[in-house]
Amino acid sequence: MGSKLSPLLADVFLSDFEVDLTKEKLSPRIWRRYVDDVFAIIKERYLPQTLDLLNSKHETIKFTVEKEQNSTLPFLDLLITRKEDNTLKFGIYRKPTSTDRYIISESNHFGAQKQAAFHSMAHRLFNIPMEEMEFEAEKMKIHEAAKLNVNPFRPITYQFPPGSNLDAENPHQLLQAPTALMHQTTTLCRIERG
């Protein structure tokens, strides 16, 4: 697992890399980092130069690049898709090995532990700007996962944010999708420490 200080130290250490990108005038159009996983939109012609600069900073840290495939790129738990009009569409990414099995209701874990995965999925659903079709698909995925993991006689209840518009007769049903899209894209790439 590592030390609790690891994310903070990674943040401090990698912020120096970002300063150097700015000094070299290689600032990507978008650069979002979570610890050592980076989502960047970079002009294709600057990608080798950017990667070389990052890899030259420290002898034991080497970055790799994962480029978009079929206009899509997974980043953390997001699936980011570049649409024909160069806007970005967001969806939820699950690894192909995902089974949607969580702590079943018959286990001896505390109720809060059993519900944690579903609370996390609901939070993600309401906070990632998805189009209505992706929102509805994710809503159904959560519902199916709940059916797979929950004893029908002891359903898990969800706590959603105020204004999330839940149907009072069916607390498992999620109703409205926030829609917002991020614009401007050139090349989608994910840069991660190798």
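First, a word on scope: everything that follows refers to the structure included in this document. Fair warning: this is a prediction, and the values are worked out from it, not measured in the lab. (Residues numbered from 1 in each chain as written. Predicted model: local features only at pLDDT ≥ 70, side-chain atom pairs only at ≥ 80, totals over all residues. Heavy atoms only, no water.)

**Comments concerning the sheet that holds strand β5 (residues 78–82)**
For step 1, the next point in the chain: Reading across the sheet, the 3 strands line up as β4-β5-β6 and stay open at both edges, with antiparallel pairing between neighbours. Edge positions in the sheet fall to β4 (72–75) and β6 (88–92), since each has one partner strand and no second. In this sheet, neighbouring strand axes are inclined to one another by 25 degrees on average, regardless of whether the strands run parallel or antiparallel.
For step 2, the next point in the chain: Here β4 pairs with β5 via 4 bridges, running antiparallel. In the sheet register, F75 faces β5, and the bridge partner there is L78. (Pairing = 2+ DSSP bridges. Helix = DSSP H or I, 4+ residues; strand = E, 2+ residues; numbered from the N terminus. Axes fitted to C-alpha atoms, helices over the stretch in contact; angles between N-to-C directions.)

**Remarks on the nonpolar core**
For step 1, the next point in the chain: By size, the foremost hydrophobic cluster in this structure holds 21 residues, and its most contacted members are F39 and I80.
For step 2, the next point in the chain: Counting only elements with at least two residues in this core, the list comes to β2 (37–41), β4, β5, β6, α3 (111–127) and α4 (132–149).
For step 3, the next point in the chain: Core analysis: the next-biggest nonpolar cluster, separate from the first, contains 13 residues, L14, F17, V38 and I42 among them. (Core = buried A, V, L, I, M, F, W, Y, C linked by side-chain atoms within 4.5 Å. Buried < 20%, exposed > 50% of the residue type's maximum accessible area, 1.4 Å probe, protein only.)

**Here we look at empty space enclosed by the protein**
For step 1, the next point in the chain: Tallied over the entire structure, the rule returns 1 cavity of 30 Å³ or more.
For step 2, the next point in the chain: Considering only enclosed or pocket space, the largest cavity measures out at about 30 Å³ in volume.
For step 3, the next point in the chain: Residue lining of the largest cavity: L14, F17, E18, W31, R33, V38, L54 and F63, and that is the complete set.
For step 4, the next point in the chain: Among the secondary structure elements, those contributing two or more residues to the lining of the largest cavity are α1 (6–23) and β1 (30–34).
For step 5, the next point in the chain: Considering every element that reaches the lining of the largest cavity, the biggest residue donor is α1, with 3 residues.
For step 6, the next point in the chain: Counted by class, the lining of the largest cavity contains 6 nonpolar, no polar and 2 charged residues. (1 Å grid on protein atoms, 1.4 Å probe; cavity = no way out; pocket = protein on both sides within 12 Å on 5 of 7 lines; lining within 4 Å. Points joined across faces, edges and corners; volume = space filled by probe spheres on them. Nonpolar A, V, L, I, M, F, W, Y, C, P; charged D, E, K, R; others polar.)

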